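Here is how the chains run, residue by residue.
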Amino acid sequence: MSAAQLYTQYTRVWIPDPDEVWKSAEIIKDYREGDKSLRLKLEDETIFEYPVDLHGNELPFLRNPDILVGENDLTALSYLHEPAVLHNLKVRFLESNHIYTYCGIVLVAINPYEQLPIYEQDVIYAYSGQNMGDMDPHIFAVAEEAYKQMARDEKNQSIIVSGESGAGKTVSAKYAMRFFATVGGSASETNIEAKVLASSPIMEAIGNAKTTRNDNSSRFGKYIQIGFDKRYHIIGANMRTYLLEKSRVVFQAEDERNYHIFYQLCASASLPEFKDLALTCAEDFFYASQGGDVSIEGVDDAEDLEKTRHAFALLGVKESHQTTIFRIIAAILHLGNLDIQAERDGDACSISSADEHLNTFCGLLGVEHSQMQHWLCHRKLVTTAETYVKSMSLQQVLNARDALAKHIYAQLFNWIVQHINKALHTTVKQHSFIGVLDIYGFETFEVNSFEQFCINYANEKLQQQFNSHVFKLEQEEYMKEEIPWTLIDFYDNQPCIDLIEAKLGILDLLDEECKVPKGTDHNWAQKLYDRHAGSQHFQKPRMSNTSFIVVHFADKVEYQCEGFLEKNRDTVYEEQINILKASKYQMVADLFQDEKDSAPAASVGKGTSKINVRSAKPVIKAANKEHKKTVGHQFRNSLHLLMETLNATTPHYVRCIKPNDEKLPFTFDPKRAVQQLRACGVLETIRISAAGFPSRWSYHDFFNRYRVLMKKRDVSKNDKKQICRTLLEDLIKDPDKFQFGRTKIFFRAGQVAYLEKLRADKFRAATIMIQKTVRGWLQRVKYQRLKGAAIVIQRYARGHLARRLAEHLRRTRAATVFQKQYRMLRIRRAFQRVRNATVTIQAFARGMFVRRVYRKMLVEHKATILQKYVRAWLARTRFLRMRRATIVLQCYYRRMKARQELKALKIEARSAQHLKKLNIGMENKVVQLQRKIDEQNKEYKLLNEQLSTLASAHSSEVEKLKKELEQYQQCHRGNGNQLVSLQEEMESLRLELEKAHGERKVVEDSYVKEKDLLRKRISDLEEENALLKQEKEELNRRILCQSRDEFAQNTVEENLQMKKELEEERSRYQNLVKEYSRLEQRYDNLRDEITIIKQTPGHRRNPSNQSSLESDSNYPSISTSELGDTEDVIQQVEEAGMEKAAMDMTLFLKLQKRVRELEQERKKLQTQLEKKEQEGKKAQEIETKTEIASDREDFAYNSLKRQELESENKKLKNELNELRKAIAERATQNNSSNDIQDSYSLLLNQLKSANEELEVRKEEVLILRTQIMKAAQQKEMGKNMEASMNTHASWPNSDKHMDQEDAIEAYQGMCETNRLLEAQLQDQRREHEEEVETLKNQVEAMKEEMEKQQQAFLQTLQLSPEAQVEFGLQQEITRLTNENLDLKELLEKLEKNEKKLKKQLKIYMKKVQDFEASQAMVQTERRQHELNRQVAVQRKEKDFQGMLEYYKEDEPLLVRNLVTDLKPQTVSATVPCLPAYILYMCIRHADYINDDQKVHSLLTSTINGIKKVLKKHNEDFQMTSFWLANTCRLLHCLKQYSGDAGFMTQNTAKQNEHCLKNFDLTEYRQVLSDLSIQIYQQLIKIAEGILQPMIVSAMLENESIQGLSGVKPMGYRNRSSSMADSDSSYSLDAVIRQMNAFYNIMCDQGLDPEIIQQVFKQLFYMINAVTLNNLLLRKDVCSWSTGMQLRFNISQLEEWLRGKNLQQSGAAQTLEPLIQAAQLLQLKKKTSEDAEAICSLCTSLTTQQIVKILNLYTPVNEFEERVTVAFIRNIQAHLQERNDPPQLLLDFKYMFPVLFPFNPSSITMDSIHLPASLNLEFLNKV
């Protein structure tokens, strides 16, 4: 195509810019041939005229379409040139935060200066096994490609990491080694991969330093060879180093540091082990403080030293050697602080003997102080005639000191590298290796010296090797595709290399000048000018005679000649070396021993020369001049060796780029980036690719991408190659612009952009056509909408006018109506007024006449009332007279009758019978009164005694007072004078008393007031208290209600929490079981290897009949003696070690016990919850009933008691009054005799006994009355008769209606019940007292034991610690022996009871068998198969009891036929899980005959046999599923027929007869459960291994919706997306077919539905994790079309789940993150509302995953828009509140904990038929 076709309007180009290097612009006018300028518009809308060179025809570079920007591979760009590469890297780095980009075979890595979460373990596993172009660019992808090519091609590999200081070379090399250590971990226990990684901190400490460009710059080059065995496991490593920067030991530029190890030692100087080093802070040492700042921000030197020491220990460096290393490093620091004093003449120097640093230096290195002091300031000269010592000047001494320091450090560096290599060396033969070269990149500074020259020389050699390798790969690609090969002109830097290393080159002349006795840098420079002045790559600066310029492949570099000779000689004086050789420390002396002509291959530190020190004999050549080999010579040899190694391997290139010099995160400086891109060869790769056919498309991808450019008749053809050929011949007329290969189409640079332009034009034309049609349709719709609206408006307007006319007519009609009505109303009101006036006049007139009549009637009525009252008074007076007369007559008559009755009563009162009746009631009263008389007599006596004592006391006091009175009178007579004073005092006291009285009144008044106030306050407080009590009661009621609700809620929450803990515990347990099986497998592998080693070398067969699984037979079983065969135990102890086996079993048993305890706790909590709920319901009902009943009973009882007490109280009062009268009468009479007293005492005794009996009877009567009331109430409630209620309402008189016989019988019954209750109470008291006594005895025994223990504890405290331990052990032993003796006794008793019970059981079993045999057992049952297939169920035998008998010697045959050699197809037409049923019937017979050994042996052999089968068929899904189903069924049978009521709820009566009778196999159930977990995990592993290769292809790459996905242009690292032609492509149908196969196999073999659901939940989680991880690591699939494909594929999977009725499995929920990722790809991504919608939708995705997908989102077409950086920042701001884990990828190896729910079978044992194909004729039916 011509320039006029390319440089058209709207085309974008790149133009140079001084600030940004390249700037984008747009052509606003078409270019025509011959135009002198190109009219452009810049991004800031300014117009720019770009001049065009007509002679060179240099037009600006064309810019790639936006759809190609941000590609993973730079070679995918259509226009390959510098601005396109720079722009693509900038967009990926700044907008998408992608630091890795491919450039053909080169990985470009830009240092982000920030920690990124892309190097975790899960990322390593994600890249492992993937093709290099499958995933986004990454250092792990390069490492995986090298590892894969090593294994596939069996050829050694190399990864060459280069770049500037600070570009991230060391970190990239470290990550590559970490990948190899993770993926190719060592097969043995040597942990060689850990040692390889441990070498990094050591080499960083002794070889890295802070520079102005990098805080951790490697100041040496290294090549690490990682060795692999035949199975590609790491077996060892070797390290080669190049050109250590020794000058840094003695000199650092500003803002730089010495090597890290110096500062690490100074930071840890305070440690006790470093006290002898005499170190202080780093600022105090000259060699460590020349750069100024001695610290690095964010780096802890003391902590780094701990890491270094740990790495030394891991690599096997002894503590003594570590100490010596640190002594040597400290000695170098002290050497730099020597105080060297110049003499007066200046030609001599001296060091003081008291110099502290010199003493420390000599002490640390173990050398003589005086010799070192002398030879640091002197040198020895040897001539042919004599030897003499010469003093040195100050500068010479300083140079010699610095040379000695550099030499010591270099020798120590080499020694450490040698020991690292020894630690990483292996005796196993190395099969292949991968080398990682971490070497300095091209360097150019303001001042370039010998080090930069060597570095750039090495980069020239590497660039030559890189160019040839790229050229070779291009040639191989063209030859493979059978494209005509044309020679590509590429830059060859061999002339520059010859300038440096050829004969009489720069290095050769430098070595020659070093041999000259008085050679100088100036002379060497002149020789260079003379020799190479005409060379193309050599130039002389204009303004200098001591420097030269070399034109390297990257740039021109000017080198300063000063110091070249000195650095090349690397001179150190022999005398100083000899002193160090004589060190008393062996390691120091060994560092400086001579090595004779070591070959370059054996050299570890190339560029750090070995010193050949000669003796001081008179020879021609001086021994202290220089060494045999110069530094340049050694470096050249080591570089040649490195190039030979690299040429013998397959290289992989990593070019590290430093984006800015300020170390700012994600900041891109285009100038610095372009310099490095030119220097590292990336642009050269682009140039070589652009010279040929850089763009390559597979036919399938080209067809899919450019199908729109094809004609319809061409698309219908089947031959895609011919279709593509026809299209290109039509579109591109120049045949040289493309070539057709076997599988690909090759394009020249720019052709893909041209095709993209045509495609975009075609889309644009189609878009315009669509827009035109849509817009026309929209306009028609709009017109029709407007027309319809106009019609509607017209209709409504006309309707409005008609309605307005009708309204006018209605209003006029209404007005006439209003007028008519108003006129009528006015006339009506006038008529009403006249009428009302007339009626009013009539009313007043009529009222006057009526009032007159009323007054007349009122007068007449009053007259009648007066007459009535008068007549009534006359009648009453007459009646009263008559009544008085009648009453007088009645009184006289009644008096006469009363006198007559009185006479009759007097006669009757004199009779004896009447007296007896009276005395019957009086006797009791007399007795009671007598008691009261006695009590009063006692009181009377006490009062008399008190009175007598008081009288005596009174008389004595009177006498005393009389005596005092006499004494007082005597005193009064003598003291008359004192009376006056006393009177005065009395008066004063009276006054005071009056005052006190006044004050008291005041106080009393105030007290009364306060009291009133307090009473008021108390009353108020009481009211408040009452209110508070009411509130408290209400709150208590509410709390009670709430507590019940809270209790229920708490129990529910506790249940949920327990379930969660159980799930977690179960998952932990299953992980441990998985780990146990893995260790078991590893143990088997080791055992197989041991057996192979023991055999002869020629025979390496592993016998199939040997398996370590047999060692698992020692599971816990029925008794302690049944731990398995002794041979198995011995074998296990011999091979695995006793300790390991014990630890595994104890751990296993502890886990089993813990799971059982958790299950029991869960069951207990459930039962407690149910009980509490039931009790709560019952308690509520009982409370309501009891409250009503108790209220009624209490009321009845209290009323009866009150009435009885009132009646008794009245009687007692009457009796007491009568007794008082009687006592008063007897007291007056003194003639009482003794007989009367005796009879009176007898009467009192009788009265007492009668009273006691009376009280007892009263209590009984009260109880009987309450019972009668209860009965009566019940009768009343039952009969509802009001009459009986009325008759029996008066309960106090109810005893009148009771018969005496009934009362006596009731009384006797009550007495008997009382006696029984008393007896029971006495028994309970005795038991309680006995229990109390036993408890007291126990407490006393415990106290004695406590005292003994306290005494023993005090004794032990007084002993020494060793004696305390021994004493404690003795006590513990005695305690354990006592407990063992007690347990033995219990065991013996239990064994005796067990024997007795067994005998009884056997007798009963025989009886039961006879009874069962006598009965006829004829039952025909048809079983329904779980699947829809017919199974032939044969008729069972009448006498078959569901047990199978076999002999002990037939057990191996049974296990072999039923387990080991059984194939699932053999039993496919029988009952599912038939082997499990047969095994259970055999176990049942062994239980029936009570043979525990047989049960144990059969179960152990079965478990070991299943393990053998699974190990043999560890890749067979059908076999694994078959044995998972059978193991679970056997476990269910052991539960169903265990006799445990919890497992027998669904059993039939017949099935309950088949339960085990003698043995509890709970422990074996646990073992089978663990085995089921192992089989389940193996099943998942097999299924995942089958599905995993299909997932990515089926879910992401295959076109489920045809024509939806558009393939973008791919580069050199493209993955083959032509899935139609690829063998490894899978569709979603293939995945669904495979899952159908899994489902059918598991269903056919009778696996429980719950387990099937868990299997598919796990598989769907794996599909989700693998697909999402691949999506997160691949830019090419993050597009809108992929989101649509994903949603379609997920809907297909969900539909499959519904079709298989697996919705409840939770499998669909595991796909939620993938569903949200697909929706995220399709959502709109522009506004803040879109951001909020994304945040609310993507709840199952983490913040990192959302941001990563948005960063990776790539438009497939030009019409799609990229996600802006501002939108991504908006998303991050919205998601800040989330506490998401930092993990980016999902763990696709995560496994959900499996549950095996109990699933009983409906099949009875006696209905199972044994097919003949199983060969089980030796089994006898019982």
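See the structure above.
Residues numbered from 1 in each chain as written. Predicted model: local features only at pLDDT ≥ 70, side-chain atom pairs only at ≥ 80, totals over all residues. Heavy atoms only, no water.

Novice: What am I meant to see in the overall build of the protein chain here?
Specialist: If you tally the helices and strands in the protein chain, you get 50 helices and 27 strands. Every one of the 1822 residues in the protein chain was classed for burial, and the buried ones make up 41%. Summarising the internal contacts of the protein chain: among those between residues at least 6 apart in sequence, 74% fall at separations of at least 24. When the accessible surface of the protein chain is totalled, it reaches about 106,000 Å², and 53% of it is carbon and sulfur. (Helix = DSSP H or I, 4+ residues; strand = E, 2+ residues; numbered from the N terminus. Buried < 20%, exposed > 50% of the residue type's maximum accessible area, 1.4 Å probe, protein only. Contact = heavy atoms within 4.5 Å. Areas by Shrake-Rupley, 256 points an atom, 1.4 Å probe, with all protein chains shown as cover.)

Novice: Explain the sheet that holds strand β23 (residues 695-698) here, please?
Specialist: Each strand in a sheet pairs with another by means of backbone hydrogen bonds, the pair being arranged parallel or else antiparallel. With antiparallel pairing, three strands are arranged side by side in an open sheet as β23-β25-β24. Only two strands of the sheet have a single neighbouring strand rather than two, namely β23 and β24 (738-740). Averaged over all pairs of adjacent strands, the angle between strand axes in this sheet comes to 20°, irrespective of strand direction. (Pairing = 2+ DSSP bridges. Axes fitted to C-alpha atoms, helices over the stretch in contact; angles between N-to-C directions.)

Novice: Which parts of the structure should I look at to understand the nonpolar core?
Specialist: Within soluble globular proteins, side chains that are nonpolar generally end up buried alongside one another. Ranked by internal contacts, the top residues of the largest apolar core, which has 332 residues, are Phe180, Phe548, Ile1478 and Phe1656. The element contributing the most residues to this core is helix α42 (residues 1562-1597), with 18 residues. Listed in part, the 19 residues of the second largest apolar core include Phe703, Tyr706, Cys724 and Ile732. (Core = buried A, V, L, I, M, F, W, Y, C linked by side-chain atoms within 4.5 Å.)

Novice: Help me out: how do you make sense of a negative patch on the surface in this one?
Specialist: A cluster of acidic side chains, namely Glu254, Asp255, Glu283, Asp284 and Asp293, defines a negative patch on the protein surface. In this fold, Asp284 is placed in the loop between α8 (260-267) and α9 (286-289). A relative accessible area of 43% means that Asp284 is categorised as partly exposed. (Patch = residues over 30% accessible without salt bridge, like charges linked within 9 Å, V, L, I, M, F, W, Y side chains within 5 Å. Salt bridge = Lys/Arg side-chain N within 4 Å of Asp/Glu carboxyl O. Lys, Arg positive; Asp, Glu negative; His and termini not counted. Charge placed at Lys NZ, Arg CZ, Asp CG, Glu CD.)

Novice: Explain the packing of helix α39 (residues 1492-1512) against α42 here, please?
Specialist: In helix packing, the relevant descriptors are the interaxial angle and the interaxial distance, both defined with respect to the helix axes. For the pair α39 and α42, the least separation of the axes is 12 Å and the interaxial angle reads 5°. With respect to α42, the element α39 is oriented roughly parallel. Residues His1496, Leu1499, Thr1500, Ile1503, Ile1506, Lys1507 and Leu1510 of α39 touch α42, and the partners they reach there are Tyr1564, Val1567, Leu1568, Leu1571, Gln1574, Ile1575 and Gln1578. Considered class by class, the residues forming the contact of α39 with α42 number nine nonpolar, four polar and one charged. (Parallel < 35°, antiparallel > 145°, perpendicular 65-115°, else oblique. Nonpolar A, V, L, I, M, F, W, Y, C, P; charged D, E, K, R; others polar.)

Novice: Hey, could you run me through the side chain of Glu256 in this one?
Specialist: As for its placement among the helices and strands, Glu256 is situated in the loop between α7 (247-250) and α8. Note on Glu256: relative accessible area 11%, which makes it buried. A polar atom in the side chain of Glu256 sits 3.0 Å from the side chain of Arg248. What Glu256 contacts, discounting residues up to four positions off in sequence, is Lys210, Thr211, Thr212, Arg248, Gly291 and Asp293. (Polar contact = N/O pair within 3.5 Å; in protein donor to acceptor, adjacent residues only side chain to side chain.)

Novice: When you look at helix α23 (residues 670-680) in this model, what are you seeing that I'm missing?
Specialist: Because each turn of an α-helix spans 3.6 residues, side chains separated by three or four positions in sequence point in the same direction. Judged by how many residues are buried, α23 sits mostly within the fold: eight of 11 residues are covered. If you check which residues of α23 are buried, you get Pro670, Arg672, Ala673, Val674, Gln676, Leu677, Ala679 and Cys680. One or two steps after α23, the chain reaches Gly681, where phi turns positive at roughly 90°.

Novice: What's the story with a nonpolar patch on the surface in this structure? I'm lost.
Specialist: Nonpolar side chains collect at one region of the surface, where Ile770, Val774, Trp777 and Leu778 lie side by side and expose about 400 Å² of accessible area between them. Tracing the backbone through its elements, the reader meets Ile770 in helix α28 (residues 751-909). Take Ile770: its relative accessible area is 53%, and that puts it in the exposed class.

Novice: What is the right way to look at the packing of aromatic side chains in this model?
Specialist: Remark: the centre distance and the inter-plane angle together describe each pair of aromatic rings, the angle taken between the planes. In this structure the tally under the stated criterion is 42 aromatic pairs. Relative to Phe413, the ring of Phe220 has its centre 5.3 Å away and its plane inclined at 70°; by these criteria the two rings are edge-to-face. Residue Phe220 is located in the loop between β10 (217-218) and β11 (221-228), and its partner Phe413 is located in helix α14 (residues 394-424); the two are separated by 193 residues in the primary sequence. Residue classification places Phe220 among the buried residues on the basis of a relative accessible area of 2%. By relative accessible area, which is 2% here, Phe413 ends up buried. On the basis of an interplanar angle of 45° and a centroid distance of 6.0 Å, the ring pair of Phe286 and Tyr287 is categorised as tilted. In textbook terms, an aromatic cluster arises when at least three aromatic residues are bridged by ring pairs, as seen for Phe450, Phe453, Trp524, Tyr529, Phe538, Phe548, Tyr559 and Phe564. In this arrangement the basic side chain of Lys1657 is found over the ring face of Phe1792, its NZ or CZ atom lying 4.5 Å from the centre. (Phe/Tyr/Trp six-rings, centres within 6.5 Å; stacked < 30°, edge-to-face > 60°. Lys NZ or Arg CZ within 6 Å of the ring centre and 35° of its normal.)

Novice: Just to check I follow, could you spell out the pattern of salt bridges for this structure?
Specialist: Side-chain pairing between opposite charges can occur once the charged atoms of the two side chains come close. Under the criterion given, the structure shown has 31 salt bridges. For Lys23, the salt bridge goes to Asp17, with nearest N and O atoms at 3.3 Å. Judged by relative accessible area, which is 26%, Lys23 ranks as partly exposed. With a shortest N-O distance of 2.5 Å, Glu164 and Arg672 are connected by a salt bridge. Taken together, the residues span a long stretch of sequence, with Glu164 in the loop between β8 (157-163) and α5 (169-183) and Arg672 in helix α23 at a distance of 508 residues. Owing to a relative accessible area of 11%, Glu164 belongs among the buried residues under this scheme.

Novice: Explanation requested: the sheet that holds strand β5 (residues 61-62) in the structure shown.
Specialist: The strand order across the open sheet built from five strands is β4-β3-β2-β1-β5, with neighbouring strands paired in antiparallel fashion. At either margin of the open sheet sits one strand with a lone partner, and together these are β4 (47-51) and β5. Where strand β3 (residues 37-42) lies against β4, five bridges are found, and the strand directions are antiparallel. The residue bridging Leu40 from the neighbouring strand is Phe48, located in β4. The sheet contacts of helix α2 (residues 82-94) involve β1 (12-17), β2 (21-27) and β5, and relative to β2 the element is tilted by about 100°.

Novice: Explain helix α10 (residues 301-314) to me, please; I cannot follow it from the model alone.
Specialist: The first and last C-alpha atoms of α10 sit 20 Å apart over 14 residues, in line with the 20 Å expected at 1.5 Å per residue. Among the residues making up α10, those that are buried are Asp301, Leu305, Thr308, Arg309, Ala311 and Phe312. Considered in projection along α10, the buried side chains sweep an arc of 160° and stay on one side of the axis. Where α10 begins, the capping side chain belongs to Asp300, and its oxygen is found 3.2 Å from the backbone nitrogen of Ala302. Following α10 by one or two positions, Gly316 has its phi on the positive side, about 85°. (Expected span 1.5 Å × (residues − 1). Arc of directions from axis to C-beta.)

Novice: Is there a simple way to think about the environment of Ala167 in this case?
Specialist: Position of Ala167 among the secondary structure elements: in the loop between β8 and α5. Along the backbone, Ala167 and Ala109 are 58 residues apart, and their C-alpha atoms lie at a distance of 8.3 Å. In this structure Ala167 touches Ala109, Asn111, Cys656, Ile657 and Lys658, once residues within four positions along its chain are discounted.

Novice: Which parts of the structure should I look at to understand the pairing of strand β6 (residues 100-103)?
Specialist: In summary, the side chains of a regular strand alternate between the two faces of the sheet. Covered by surrounding structure in β6 are Tyr100 and Tyr102 together with Thr101 and Cys103, the residues of both alternating faces. For β6 and strand β7 (residues 106-110), the ladder comprises four bridges, and the chain directions are antiparallel. Each bridged residue has a counterpart across the sheet, and for Tyr102 the counterpart in β7 is Leu107. Hairpin remark: β6 followed by β7, antiparallel, with two residues in the connecting loop; positive phi at Gly104, about 70°.

Novice: Before we go on, may I ask you to explain the pairing of strand β12 (residues 234-242) in this structure?
Specialist: Burial within β12 is extensive, with eight of its nine residues counted as buried. Strand direction decides the pairing type here: β11 and β12, joined by eight bridges, are antiparallel. Its bridge partner lying in β12, Gln225 is registered against Asn238. In sequence, β11 turns back onto β12 through a hairpin of five residues, with Tyr232 there showing a positive phi of about 60°.

Novice: Explain the state of the cysteines to me, please; I cannot follow it from the model alone.
Specialist: Linking two cysteines covalently through their sulfur atoms gives a disulfide. Counted by the stated rule, this structure contains zero disulfides. The thiol of Cys281 is not disulfide-bonded; the next cysteine sulfur, from Cys266, is found 7.6 Å away. (Disulfide = S-S within 2.5 Å.)

Novice: I'm lost on the environment of His1554 in this one. Help?
Specialist: Within the fold, His1554 resides in the loop between α41 (1549-1553) and α42. The spacing of His1554 and Ser1538 is 16 residues in sequence and 9.3 Å in space, taken between C-alpha atoms. Setting aside residues up to four positions removed in sequence, His1554 forms contacts with Gln1441, Tyr1480, Arg1484, Tyr1537, Thr1804, Met1805 and Asp1806. A polar side-chain atom of His1554 sits 3.5 Å from the main-chain amide nitrogen of Met1805.

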